[in-house]
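Observations on the model geometry
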Amino acid sequence: MLVAWSDRAGRVRTEDLLAALAAYSQDNPSLLARNGLGVATSRPGLRSPPVDPPVAYPFGIAAFTGWLDRDPQPGLSDTRAYLDAFARYGDDTDEHLTGCYAVAIWLPGNGLRLARSPWHAPPLHFAFKDGEIVASSVLRAIFAFGVPRRLNRQRVAQALFLDGARDPAHDWPADDWYEDVRRVPLGTVLKLTPDGLVNEVRRYDPHRIAVAVPQDAAGWVATARDMIDGHARLAARRSHHPAIALSGGLDSPIATEAFLRMRGAGQMPSIVSVRPSRMWDGVTETGKFGDEASRVADFCARHGLEPIFTREGGFDLELQELHRASGVTSPFIGNGGMIMAAHRAAARAGADWFFDAVCGNDTVSADGHWAYPDLLLSGRWGQLRAALGHRAHDPRGMARKCLSLAVLPVLPPIVRQGLLACFSRGPGAVASGASLLRREVVAELGLASTAQANGRRRGRRGAIELAWAASDCGMADLDLGREQLTGLRRRDLFAYRPLIEFCLSLPDAAFLRDGTDRWLARELARGIMPEGQRLETRYGSHNVDWHAYLLARRGDLLESFEHLASHPWLGDMVDSARAKVLLRDLPERTPLDPAVAWPLQFGIIGTIAVARFVAQVEGRNDL
């Protein structure tokens, strides 16, 4: 974690900034100050590895948090390696380095250069006050600097709308959860001046990736495996006591097997897997499975591992603590309890690093379903027929699937929206009804128009846009919050820029081939897991027990919505009356109809998460 600030007027209490930076870690921050400018770093927790101290360089001072993708070298920290590259490449530095990092460098003339790596990076926020600048990984340091802590109500409304189309993390300037606070977008270099000028120097463009790929399918698999192994080796060398989150799917077993080979004779990692609550009724959606324990146990037995099973703790497990540590929330917090339960189990096992493979869905394990329109337009009708014919868990006839998946996306937006409104009976038809935001608020703020943006994204370009938009959206703050609460560092074994760019450069046939989706991942999994698991067409449902928690806590939730209705401004935004009807009419078993399930699974849970966050910021305890 880092903080950088200016204090030419001598009004800043440095001790308050340092205390805010290290509030959860019990660490002693490393401080470097010069000529009214300061930088400091601190690790998230004492369990996690030490972080680089700030560094003085010929023109100023700098702070770095995160890591570079490189082998450790004695006497050369990541901070120094970054500054060496900066001396050579200047503002092109981030084109020549890969990793997961954020950096703040004070430049000659008292300008502040801020940068975040593409695809994955620690959070980095900034603000101006009284002719001074502050930037930090943690929002509480911004407020300790003296910036007022006022919620951005437009941002709250977007969250309550369950808006996955507009991505404030990648707009510029990036709005934050708080007024007068902005976030540095991923893959972006900004230069700030004390008078409040923000100059965007460089921004990563995910559509301008130029990676040469092999021409044959065997080369795709071999290259992907080499990259996965290379990143696993780098990750393994950073950790003394690793823990890996393992599911019964494809991604995490592939990553775990690579980690084991690259770890060699070192300490075996702790394998953590989360099971649903015992209250779960066993109901799952078509095409999904709920309890992955048997698959995890089979994989572990095959590789001589002993899994640690822990139980899901509910969507709000340590949610208030996470709000305080991160300073943000998410309406899509339904699986937050599962993630926190896994982190806690890893911490109890003595881990210093927590590894997962979340990024697999957008890289090696992409399903290729974006390709249907391109298969149609390019005349590859045999491949289209095979893909639609083998589409798992889709009972529609061939003609209806072709119209819906291949023809509809290429029609003009106005035609497409009209047809969807008239004929669609699937989840997409009820998505807009999941939010509990009042319809008049949606219209007043123009939120409906932003949600339609997803409908304009199609083909491979659309898939890349969605992956890029999903790569941040405030999740980095929540990740850092969990690191602070548990003391672990988290690293995604598939969040490796060379691997991401390679997968984005592969042809569609690497993912959807002869009727087989997720083809690349299935080939990478060959021989490392049981065939039944490798060829499984169902997905794990990581929040499968959501209904059990709503049922168990219905009384508390009804009371929360009673209080929410009288909140000074949230009460005008949220349809609390509808929420109470939904809770009173809650089915006794997990509903499978999206029209019934989504307002509960996403509307109720997302609204409660946002409302509790607002209450925590405002110092209320009634929500």
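Just so it is clear, the structure is predicted and the values come from calculations on it, not from any experiment.

Inspection of the secondary structure assignment puts Glu501 in helix α20 (residues 497-505). Leave out the neighbours within four places in its chain, and Glu501 touches Tyr204, Ile209 and Val211.

Attention now goes to unusual backbone geometry. Non-glycine residue Asp180 carries a positive phi angle of around 70 degrees. Phi at Asp514 is positive, roughly 50 degrees, even though this residue is not glycine. Mapped onto the fold, Asp514 is located in the loop between β20 (512-513) and β21 (516-517).

The next thing to look at is the packing of helix α6 (residues 217-238) against helix α7 (residues 251-263). Contact geometry for α6 and α7: axes closest at 8 Å, N-to-C directions at 60 degrees. Between α6 and α7, the interaxial angle falls into the category oblique. For α6 against α7, the interelement crossing comes out right-handed. Taken together, the residues of α7 that come into contact with α6 (itself represented by Arg225, Ile228, Asp229, Ala232, Arg233, Ala235 and Ala236) are Ile254, Ala258, Phe259, Arg261, Met262 and Arg263. Partitioned by chemical class, the residues of the contact of α6 with α7 number eight nonpolar, no polar and five charged.

A separate point is the sheet that holds strand β15 (residues 270-275). Overall, parallel pairing links the five strands, which are arranged β17-β15-β14-β18-β19 in an open sheet. Strands at the two margins of the open sheet, each flanked by one partner only, are β17 (307-311) and β19 (489-492). Looking at each pair of strands side by side, their axes are set apart by 30 degrees on average, direction ignored. Judged from the four bridges that link them, strand β18 (residues 353-356) and β19 form a sheet pairing that is parallel.

With that settled, consider the packing of aromatic side chains. Under the criterion given, the structure shown has 17 aromatic pairs. For the ring pair Tyr178 and Phe613, a centre distance of 6.4 Å and an interplane angle of 70 degrees mean the geometry is edge-to-face. With Tyr178 in the loop between β10 (174-175) and β11 (182-183) and Phe613 in helix α27 (residues 594-618), this pair connects stretches of sequence that are 435 residues apart. The pair formed by Tyr178 and Phe613 is uniform in burial state, with each residue classed as buried. Centroid distance Phe259 to Phe355: 5.0 Å. Interplanar angle 45 degrees. Geometry classified as tilted. Remark: Phe355 occurs in strand β18 and Phe259 occurs in helix α7; sequence separation between them is 96 residues. Residue class for Phe259 comes out buried when judged on its relative accessible area of 0%. Three or more aromatic residues joined by ring pairs form one cluster here, namely Trp67, Phe259, Trp353 and Phe355. Geometry around Trp519 places Arg513 over its ring, the cationic atom sitting 5.2 Å from the centre.

Moving on, we get to the packing of α6 against α20. One way to put it is that α6 packs onto α20 with a least axis distance of 9 Å and a crossing angle of 160 degrees. Comparing their axes, α20 and α6 come out roughly antiparallel. α20 is crossed by α6, and the crossing has left-handed handedness. Between α6 and α20, the contacting residues are Trp220, Thr223, Ala224, Met227 and Ile228 on the first element and Pro498, Leu499 and Phe502 on the second.

Relative to the 16 Å expected for twelve residues at 1.5 Å per residue, helix α2 (residues 78-89) spans 16 Å between its end C-alpha atoms, a close match to the ideal helical length. Listed in full, the buried residues belonging to α2 are Asp78, Thr79, Ala81, Tyr82, Leu83, Ala85 and Phe86. Gly90 lies just past α2 and shows a positive phi near 60 degrees.

Turning next to the side chain of Asp94. Turning to its location among the elements, Asp94 is positioned in helix α3 (residues 93-96). A polar contact of 2.6 Å, which involves the side chain of Asp94, links it to the side chain of Tyr101. Sequence-distant contacts of Asp94, defined by excluding residues within four places in its chain, comprise Tyr82, Tyr101, Arg113, Ala115, Val189 and Arg497.

Before going further, it helps to examine the nonpolar core. Inside soluble globular proteins, nonpolar side chains tend to come together where they are buried. Core analysis: the largest hydrophobic core is formed by 69 residues, its most contacted members being Tyr178, Phe561, Leu570, Met573 and Ile604. Sort the elements by how many residues they give to this core and α27 lands first, with twelve residues. Excluding residues within four positions of it along the chain, Ile604 makes contact with Leu436, Leu550, Leu557, Phe561, Ala579, Leu582, Leu583 and Pro599. Ranked by size, the runner-up nonpolar core spans 67 residues in total, among them Ile254, Ile271, Ala366 and Phe494.

What follows covers the sheet that holds strand β12 (residues 188-192). Reading across the sheet, the six strands line up as β4-β5-β6-β7-β12-β13 and stay open at both edges, with antiparallel pairing between neighbours. In the strand order of this sheet, the two ends are held by β4 (55-57) and β13 (198-203), each with one partner. Sheet twist, expressed as the mean angle between neighbouring strand axes with direction ignored, is 20 degrees. Across seven bridges, the pairing between strand β5 (residues 60-68) and strand β6 (residues 99-107) is antiparallel.

Moving on to the confidence of the model for the protein. Confidence in the prediction of the protein, expressed as mean pLDDT, is 91, and 94% of residues score 70 or more. Here residues 165-173 scores under 50 on pLDDT; set against residues more than four positions off or in separate chains, the count is 37 contacts. Predicted confidence is poor over residues 426-430, with pLDDT under 50, and the contacts of this stretch with residues over four places away or in other chains come to six contacts.

Take the environment of Thr607 next. Position of Thr607 among the secondary structure elements: in helix α27. Along the chain, Thr607 and Leu162 lie 445 residues apart, while their C-alpha atoms are 9.0 Å from each other. When sequence neighbours within four positions are dropped, the list of residues in contact with Thr607 reads Leu160, Leu436, Phe561, Leu564, Val574 and Phe602. In terms of polar contacts, Thr607 uses its side chain to reach the backbone carbonyl oxygen of Gly603, at 2.7 Å.

With respect to the helices and strands, the residue Ser365 is situated in the loop between β18 and α11 (372-377). Spatially, the C-alpha atom of Ser365 lies 7.4 Å from that of Leu250, the residues being 115 residues apart in sequence. With residues near it in sequence (within four places) discarded, Ser365 still touches Asp251, Gly360, Arg518 and Ala521. For Ser365, the side chain forms a polar contact with the side chain of Arg518, separated by 2.4 Å.

Rules used in this analysis
Residues numbered from 1 in each chain as written. Predicted model: local features only at pLDDT ≥ 70, side-chain atom pairs only at ≥ 80, totals over all residues. Heavy atoms only, no water. Helix = DSSP H or I, 4+ residues; strand = E, 2+ residues; numbered from the N terminus. Contact = heavy atoms within 4.5 Å. Axes fitted to C-alpha atoms, helices over the stretch in contact; angles between N-to-C directions. Parallel < 35°, antiparallel > 145°, perpendicular 65-115°, else oblique. Left-handed = near helix turned anticlockwise from the far one by under 90°. Nonpolar A, V, L, I, M, F, W, Y, C, P; charged D, E, K, R; others polar. Pairing = 2+ DSSP bridges. Phe/Tyr/Trp six-rings, centres within 6.5 Å; stacked < 30°, edge-to-face > 60°. Buried < 20%, exposed > 50% of the residue type's maximum accessible area, 1.4 Å probe, protein only. Lys NZ or Arg CZ within 6 Å of the ring centre and 35° of its normal. Expected span 1.5 Å × (residues − 1). Polar contact = N/O pair within 3.5 Å; in protein donor to acceptor, adjacent residues only side chain to side chain. Core = buried A, V, L, I, M, F, W, Y, C linked by side-chain atoms within 4.5 Å. pLDDT = per-residue confidence, 0-100.

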